[in-house]
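Residues per chain are reported as follows:
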Amino acid sequence: MRSHVFGSTRSSVSVIGQGTWYIDSGDRKAAVAALRRGVELGMTHIDTAEMYGDAELVIAEAIAGQRDGLFLVSKVLPSNASRKGTITACERSLKRLRTDYLDCYLLHWRGSYPLAETVAAFEELVRAGKIRSWGVSNFDEGDLDEMLGVAGEGKIACNQVLYHLKERAIEHAVVPWCEKHQVAVVAYSPFGHDDFPTPGSKGGEVLRQIAQAHGATPRQVALAFLTRKPTVFAIPKASSAEHAADNAAAVDLALSESEIAALDRAFPLGPKPRSLPML
């Protein structure tokens, strides 16, 4: 599994990781098997959140006995992101995950609490050894500027944002901002939310042709395109061990400049939206 340094941290993290939103809503045995297979194949970056129901409990079962070597991420809800609330939420997540620390802890999106309160809590958690780094999610460049002003350079480890072939808004300003400030970009819902290009569509046909040329799948091509820059990581969810293996294989796919250009034409960037899209 190819890995890159995760933003301003010293951690080398798998480019393709594992998302867990809704992982608790299906077959639990299959979900555990998918996570374990993903780890076996090098997808050691596992992302979750307190908002994701029982996902943290499913992860705890899947990673039992193999916490070392994983890059484990969770998130605090904005409604809990006061200084005291953030610490309490983190401790609750640690208990549910059955671990002593998180590799990274994120503010899920902007809320009503001042960023300074949340940052103070993050820094307290770092000093206590309960988290090793912290970051944000669903932050546009204006939000990032504000967070940078509060925390200073080198503190924001990542920005987790919506990014897939049909939604490339982050390429306008968020990705350049993160590249400038050594902040990792983590793409959630990289296949879209039940909106992956269909085989009969124009974009779907371009994906099929490129996939066929590489002996790959259209979803592997999509992941390769999204992670073409070293700043960007992706966290697709897998519902089965076979699906996890399919996601992991995307890391070996190297797209040519002409293939990237073809995908760029099939899935155009479009104008910059007034606000950052999110789910």
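See the structure above.
The sections below set out a description of the structure shown in this document. (Residues numbered from 1 in each chain as written. Predicted model: local features only at pLDDT ≥ 70, side-chain atom pairs only at ≥ 80, totals over all residues. Heavy atoms only, no water.)

**Re the overall build of the protein**
Note the threshold: Per the convention used, a helix needs a DSSP run of H or I reaching at least four residues, while a strand needs a run of E reaching at least two, with both numbered from the N terminus. In this treatment the radius of gyration is a C-alpha quantity, and the globule benchmark scales as 2.2 Å times the residue count to the 0.38 power. Under the scheme applied here, a residue whose accessible area is under 20% of the maximum for its type counts as buried, over 50% as exposed, and between as partly exposed, the area being computed with a 1.4 Å probe on protein chains only. It only takes one pair of heavy atoms within 4.5 Å for two residues to be counted as in contact.
A count of helices and strands for the protein gives 10 helices and 9 strands. Computed over C-alpha atoms, the radius of gyration of the protein comes to 18 Å, within 12% of the 19 Å expected from 2.2 N^0.38 for 279 residues, which places it in the range of a compact globule. Overall, the C-alpha framework of the protein stretches about 50 × 40 × 30 Å when taken along its three principal axes. Of all 279 residues assigned to the protein, the portion counted as buried reaches 54%. Taking as baseline every contact in the protein between residues at least 6 positions apart, the subset at least 24 positions apart corresponds to 77%.

**Things to note about the packing of helix 3 (residues 83–97) against helix 4 (residues 115–127)**
Note the cut-off: With axes taken as lines fitted to C-alpha atoms, and helix axes fitted only over the stretch in contact, angles between N-to-C directions fall between 0 and 180 degrees. Here roughly perpendicular refers to angles of 65 to 115 degrees, roughly parallel to angles under 35, roughly antiparallel to angles over 145, and oblique to all remaining angles. Helix crossings are classified by the rotation of the near helix relative to the far one: an anticlockwise turn of less than a right angle makes the crossing left-handed, while a clockwise turn makes it right-handed. For this classification, Asp, Glu, Lys and Arg are treated as charged, while Ala, Val, Leu, Ile, Met, Phe, Trp, Tyr, Cys and Pro are nonpolar and the rest, including Gly, are polar.
In the contact formed by helix 3 and helix 4, the axes pass within 7 Å of each other and the chain directions differ by 45 degrees. Relative to helix 4, the element helix 3 lies oblique. Relative to helix 4, the crossing made by helix 3 is right-handed. Contacts between helix 3 and helix 4 involve Arg83, Thr86, Ile87 and Cys90 on the former and, on the latter, Glu117, Thr118, Ala120, Ala121, Phe122, Glu124, Leu125 and Arg127. For the contact of helix 3 with helix 4, the residue count by class is 6 nonpolar, 2 polar and 4 charged.

**Structural notes on the environment of arginine 265**
Within the secondary structure, arginine 265 sits in helix 10 (residues 257–266). Between the C-alpha atoms of arginine 265 and valine 206, which are 59 residues apart in sequence, the distance is 9.6 Å.

**Some remarks on the pairing of strand 7 (residues 156–162)**
Keep this limit in mind: Two strands pair if DSSP finds at least two bridges between them. Classification remark: right-handed applies to a crossover when, strands pointing away from the viewer, the course from the first strand over the helix to the second runs clockwise.
Of all 7 residues making up strand 7, 7 are buried, and the element is well covered by its neighbours. In this sheet, strand 7 lies alongside strand 6 (residues 134–137) in parallel orientation, the contact comprising 3 bridges. The residue bridging tryptophan 134 from the neighbouring strand is isoleucine 156, located in strand 7. For the handedness criterion, the β-α-β arrangement of strand 6, helix 5 (residues 141–151) and strand 7 is classed as right-handed.

**Structural notes on the sheet that holds strand 5 (residues 104–107)**
Taking strand neighbours across the sheet as the criterion, the 7 strands line up as 3-4-5-6-7-8-9 in an open arrangement whose pairing is parallel. Only two strands of the sheet have a single partner each, and these edge strands are strand 3 (45–47) and strand 9 (232–234). Between one strand axis and the next, the sheet turns through 25 degrees on average, direction left out of account. On top of the sheet, helix 3 reaches strand 4 (71–76) and strand 5; it is set at about 135 degrees to strand 4, its chief contact.

**Remarks on the side chain of histidine 164**
Structurally, histidine 164 is set in the loop between strand 7 and helix 6 (174–180). Given a relative accessible area of 9%, histidine 164 falls into the buried group. Excluding its chain neighbours within four sequence positions, the residues that come into contact with histidine 164 are Ser189, Pro190, Phe191, Gly192 and Leu226.

**Some words on the state of the cysteines**
Inclusion rule: Here, a disulfide means two cysteine sulfur atoms that sit within 2.5 Å of each other.
Under the definition given, this model contains 0 disulfides. Free cysteine cysteine 158: the closest other cysteine sulfur is in cysteine 104, separated by 4.3 Å.

**As for the side chain of threonine 9**
What counts here: The definition of a polar contact used here is a pair of N or O atoms within 3.5 Å, where within protein one atom must be able to donate a hydrogen and the other to accept one, and adjacent residues in sequence count solely through side-chain atom pairs.
By the element assignment, threonine 9 lies in the loop between strand 1 (3–5) and strand 2 (12–14). Accessibility expressed as a relative area gives 15% for threonine 9, which makes it buried. A distance of 3.2 Å separates the side chain of threonine 9 from the backbone nitrogen of serine 11, its partner in a polar contact. Beyond its immediate sequence surroundings of up to four residues, threonine 9 is in contact with Ser133 and Ala157.

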